[in-house]
Amino acid sequence: MAGLVPAKISDRYAKNGEDMLDVLSHDIMRYEMLAEKETFDALTSVLQGEQSHDNVELHEIEVNRLNNDNNNNDEGDPTETHEQRDTGSSRFRSVSNEDTDEFLRKNVNKNTDYKTRSDVKTFYTWAQQVGEFRELQMIPFKELDAILARFYLGVRNKEGQEYEPDTLTGFQNSIERHLKNNKVVVDLKRNDDFSHSRKVLEAKRKQLKQEGKGNKRNRAEPIDTQEIQNLYDKQLLGSANPTSLLNTVWLNNGVFFGFRGRQEHASLLLGDLTMKQDSNGKEYVEFNG
């Protein structure tokens, strides 16, 4: 490359204006070739590892040409700078994993959040009493299945009474939400790993309902006295005929003994009823079921 650069011609040998123009033209060509040579040498040094990129000074014309090429190839808003396009600062917001967790915490239903925390606290209180101190998300599924089965059977309210069936299901839902909030992918209602605890919960719910807990209380709702009198007036109640007498027995058993549905009426035996007297000598029937 060095041999291609012509030597400088002194202008003192110029005899007229035409010679001076030749000298100037020669100098311009020489300077351009020197600039190209310097650029070539600098790039060669970079490729050979002799100097860093920071020391490379590209010819202004070459830099402008590269910028023009990049502008033609870039997509997006032509008014955006390259830095804006690289960082996305004009359109997108940088979001971390912590930001997503905080967003969910702020937008979760407050009642659901309170219910979850309250139920999980109840579980931990029970667990500590039986010698289990691990956090829910740290317990393997098979072990957790057995622990939940024991929890569904053993948990009681602060008065030591059984919970309602739906409350036990609420515990199950809250524990599942707590696990998911702690990045544990689980479905307590469908995963095979929790089949044992599900069966225990279902059986416990049935038992509690049979004992009168749940939506249907083991006590009949009161009936308005005027409505009852209307039934007597129409001989739908009373002793006017066998049907009205049977209706009266059914109504009295439901109101005073708290029978619900047909099964308790059908399974009633004579030994379940006892005739007693109060302190005034007035007789009454007591249900011993």
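Residues numbered from 1 in each chain as written. Predicted model: local features only at pLDDT ≥ 70, side-chain atom pairs only at ≥ 80, totals over all residues. Heavy atoms only, no water.

Peer 1: Where do I start with the overall build of the protein in this structure?
Peer 2: Across its full length, the protein holds eleven helices and two strands. In the protein, the succession of α and β elements from N to C terminus is α-α-α-α-α-α-α-α-α-α-α-β-β. The buried share of the protein, taken over its 289 residues, is 24%. Sequence separation of 24 or more characterises 46% of the internal contacts of the protein that already satisfy a separation of 6 or more. In the structure as shown, the protein presents an accessible area of about 21,900 Å², 50% of it carried by carbon and sulfur atoms. (Helix = DSSP H or I, 4+ residues; strand = E, 2+ residues; numbered from the N terminus. Buried < 20%, exposed > 50% of the residue type's maximum accessible area, 1.4 Å probe, protein only. Contact = heavy atoms within 4.5 Å. Areas by Shrake-Rupley, 256 points an atom, 1.4 Å probe, with all protein chains shown as cover.)

Peer 1: Got a minute to help me understand the pairing of strand β1 (residues 273-277) in this structure?
Peer 2: Regular strands have side chains that alternate between both faces of the sheet. Here β1 runs beside strand β2 (residues 283-287); their pairing, made up of five bridges, is antiparallel. In the sheet register, Thr-274 faces β2, and the bridge partner there is Glu-286. Counting the residues in the hairpin turn of β1 and β2 gives five residues, including Gly-281, whose phi is positive at 85°. (Pairing = 2+ DSSP bridges.)

Peer 1: Explain the pattern of salt bridges here, please?
Peer 2: A side chain with one charge may pair with a side chain of the opposite charge, provided their charged atoms come close. Evaluation of the coordinates by the stated rule reveals eleven salt bridges. Here Lys-142 and Asp-193 are joined by a salt bridge, their closest N and O atoms 4.0 Å apart. A residue pair is termed long-range when its members are at least 10 positions apart, and Lys-142 in helix α6 (residues 141-154) and Asp-193 in the loop between α7 (165-181) and α8 (195-210) qualify at 51 residues. Notably, a salt bridge pairs Glu-162 with Lys-204, separated by 2.8 Å at the nearest N-O pair. Residue Glu-162 is located in the loop between α6 and α7, and its partner Lys-204 is located in helix α8; the two are separated by 42 residues in the primary sequence. Judged by relative accessible area, Glu-162 falls into the buried class, the value being 19%. According to the relative accessible area criterion, Lys-204 is buried, its value standing at 4%. Taken together, the shared-partner salt bridges in this structure form one network comprising Glu-132, Arg-134 and Glu-143. (Salt bridge = Lys/Arg side-chain N within 4 Å of Asp/Glu carboxyl O.)

Peer 1: How do you make sense of the layout of surface pockets when you look at a structure like this?
Peer 2: To find leftover empty space, a probe the size of one water molecule is rolled over the atoms. Estimates place the volume of the largest pocket at around 440 Å³. Forming the boundary of the largest pocket are 16 residues, of which Arg-105, Val-108, Asp-113, Arg-177 and Asn-181 lie nearest the centre. Counting only elements with at least two residues in the lining of the largest pocket, the list comes to α4 (97-107), α5 (110-129) and α7. The element contributing the most residues to the lining of the largest pocket is α5, with six residues. (1 Å grid on protein atoms, 1.4 Å probe; cavity = no way out; pocket = protein on both sides within 12 Å on 5 of 7 lines; lining within 4 Å. Points joined across faces, edges and corners; volume = space filled by probe spheres on them.)

Peer 1: In this structure, what is going on with the nonpolar core? I would like to understand it.
Peer 2: Generally speaking, a soluble globular protein has its nonpolar side chains buried in company with each other. The biggest cluster of nonpolar side chains holds 23 residues, and the ones touching the most others in it are Phe-123, Leu-148, Phe-151 and Ile-175. Every element with two or more residues in this core is listed here: α5, α6, α7 and α8. Counting residues per element, this core draws most heavily on α6, which supplies five residues. Those residues within four positions of Ile-175 in sequence are excluded, and the remaining contacts are Phe-123, Leu-136, Leu-148, Phe-151 and Leu-188. (Core = buried A, V, L, I, M, F, W, Y, C linked by side-chain atoms within 4.5 Å.)

Peer 1: Help me understand the packing of α7 against α8 in this model?
Peer 2: What describes two packed helices is the angle between their axes and the distance between those same axes. Put simply, α7 and α8 touch, their axes get as near as 9 Å, and they point 160° apart. In terms of axis orientation, α7 runs roughly antiparallel to α8. When you trace α7 past α8, the crossing you get is right-handed. Judged by residue contacts, Pro-165, Asp-166, Leu-168, Thr-169 and Gln-172 of α7 engage Arg-198, Leu-201, Lys-204, Arg-205, Leu-208 and Lys-209 from α8. Counted by class, the contact of α7 with α8 contains four nonpolar, two polar and five charged residues. (Axes fitted to C-alpha atoms, helices over the stretch in contact; angles between N-to-C directions. Parallel < 35°, antiparallel > 145°, perpendicular 65-115°, else oblique. Left-handed = near helix turned anticlockwise from the far one by under 90°. Nonpolar A, V, L, I, M, F, W, Y, C, P; charged D, E, K, R; others polar.)

Peer 1: Got a minute to help me understand the packing of aromatic side chains in this structure?
Peer 2: For any two aromatic rings, the description comes down to two numbers: the centre-to-centre distance and the angle of the planes. Taken as a whole and judged by the stated rule, the model has eleven aromatic pairs. Ring geometry for Phe-123 against Phe-151: centres 5.2 Å apart, planes inclined by 75°, an arrangement best described as edge-to-face. Taken together, the residues Phe-123 in helix α5 and Phe-151 in helix α6 connect sequence positions 28 residues apart. Since its relative accessible area comes to 0%, Phe-123 is described here as buried. Judged by its relative accessible area of 0%, Phe-151 is buried. Pairing Phe-259 with Phe-287 gives two aromatic rings, centres 4.9 Å apart and planes at 80°, and the pair type is edge-to-face. Placement of the pair is Phe-259 in the loop between α10 (242-257) and α11 (263-266) and Phe-287 in strand β2, with a sequence separation of 28 residues. Exposure remark for Phe-259: the relative accessible area of 6% places this residue in the buried category. Of the aromatic side chains, those joined through ring pairs into one cluster are Phe-123, Tyr-124, Trp-126, Phe-151, Tyr-152, Tyr-163 and Phe-171. Sitting over the ring of Phe-171, Lys-115 keeps its end group 5.8 Å from the ring centre. (Phe/Tyr/Trp six-rings, centres within 6.5 Å; stacked < 30°, edge-to-face > 60°. Lys NZ or Arg CZ within 6 Å of the ring centre and 35° of its normal.)

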